[in-house]
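Chains, contacts and geometry: an overview
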Amino acid sequence: MTTASDSNSKDPATGEKTDSPTALPFSRCVRWMSLAEQAVAALFLFVILATMGAQVFARYVFDSPIPWSEEVARLCLIWMTFIAAAFVMAQGGHITVDLLSPRLSVRGQVRLECLSHVIVAGSCLLLLFGGIRFVWHVGKVGSPSLEIPMSWWYSAVSVGLLLMAIHSIVNLLQVLATGRPTVRAGIVDEEAFHLNME
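Keep in mind that what you see is a predicted model, and the values were worked out from it rather than measured.

Considering the packing of helix 1 (residues 27-60) against helix 2 (residues 69-90)
Two numbers describe how helix 1 lies on helix 2: the axes approach to 8 Å, and their chain directions differ by 155°. On the basis of the axis angle, helix 1 is roughly antiparallel to helix 2. Handedness of the helix 1/helix 2 crossing: left-handed.

Spelled out as structure tokens, the structure:
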């Protein structure tokens, strides 16, 4: 007979089971942030599909294309890209080159992962603070069709960088709390990539 403390908990970002019976730091916050980011990205994708579908229908059926459809679709694509990059960061789904970590001890893997989270968070915040001034300067310029301020376009980068920095900091705190490296889904054994040269 098992108790609640014996059951494995799940990582809020990856959905995988972990051996720790206690919840990770900020696990509920990360889960709701990821769900909100996925919902917003899905909404932008729906707008893109609806706008492009309406443009094709209007062009080839009524021979009267919608002049602003491409601009709306481009704006939504930019926002969807950076919002999606944020929740992919929470899930550990970005491309990584894992050459050094498997050759280290558990303590070395923890230190290396903490270093990577610090570098990612620092880079995102550095780009964020540098880009805010640029977004402020281009705010008075409007887009060609709808006269949407260009700050709405470029602020997608700032929002995405901020969210990715938050996820990196939370991932860092979770690694420090557990004292173990994060096990990501879909990691394939390195030996599977060895080619038979015979």
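Continuing now.
Points about the nonpolar core
Residues Ala 41, Trp 79 and Met 164 are the most contacted members of the largest nonpolar core, which totals 26 residues. Secondary structure elements with two or more residues in this core: helix 1, helix 2, helix 3 (106-137) and helix 4 (150-178). Ranked by residues supplied to this core, first place goes to helix 2 with 12 residues. Once residues within four sequence positions are removed from consideration, Trp 79 is found in contact with Phe 44, Trp 152, Ser 155, Ala 156 and Val 159.

Comments concerning the side chain of Glu 37
Mapped onto the elements, Glu 37 comes out in helix 1. Setting aside anything within four residues of it in sequence, one finds Glu 37 in contact with Ile 83, Ala 86, Phe 87, Leu 163 and His 167.

Rules used throughout
Residues numbered from 1 in each chain as written. Predicted model: local features only at pLDDT ≥ 70, side-chain atom pairs only at ≥ 80, totals over all residues. Heavy atoms only, no water. Axes fitted to C-alpha atoms, helices over the stretch in contact; angles between N-to-C directions. Helix = DSSP H or I, 4+ residues; strand = E, 2+ residues; numbered from the N terminus. Parallel < 35°, antiparallel > 145°, perpendicular 65-115°, else oblique. Left-handed = near helix turned anticlockwise from the far one by under 90°. Core = buried A, V, L, I, M, F, W, Y, C linked by side-chain atoms within 4.5 Å. Buried < 20%, exposed > 50% of the residue type's maximum accessible area, 1.4 Å probe, protein only. Contact = heavy atoms within 4.5 Å.

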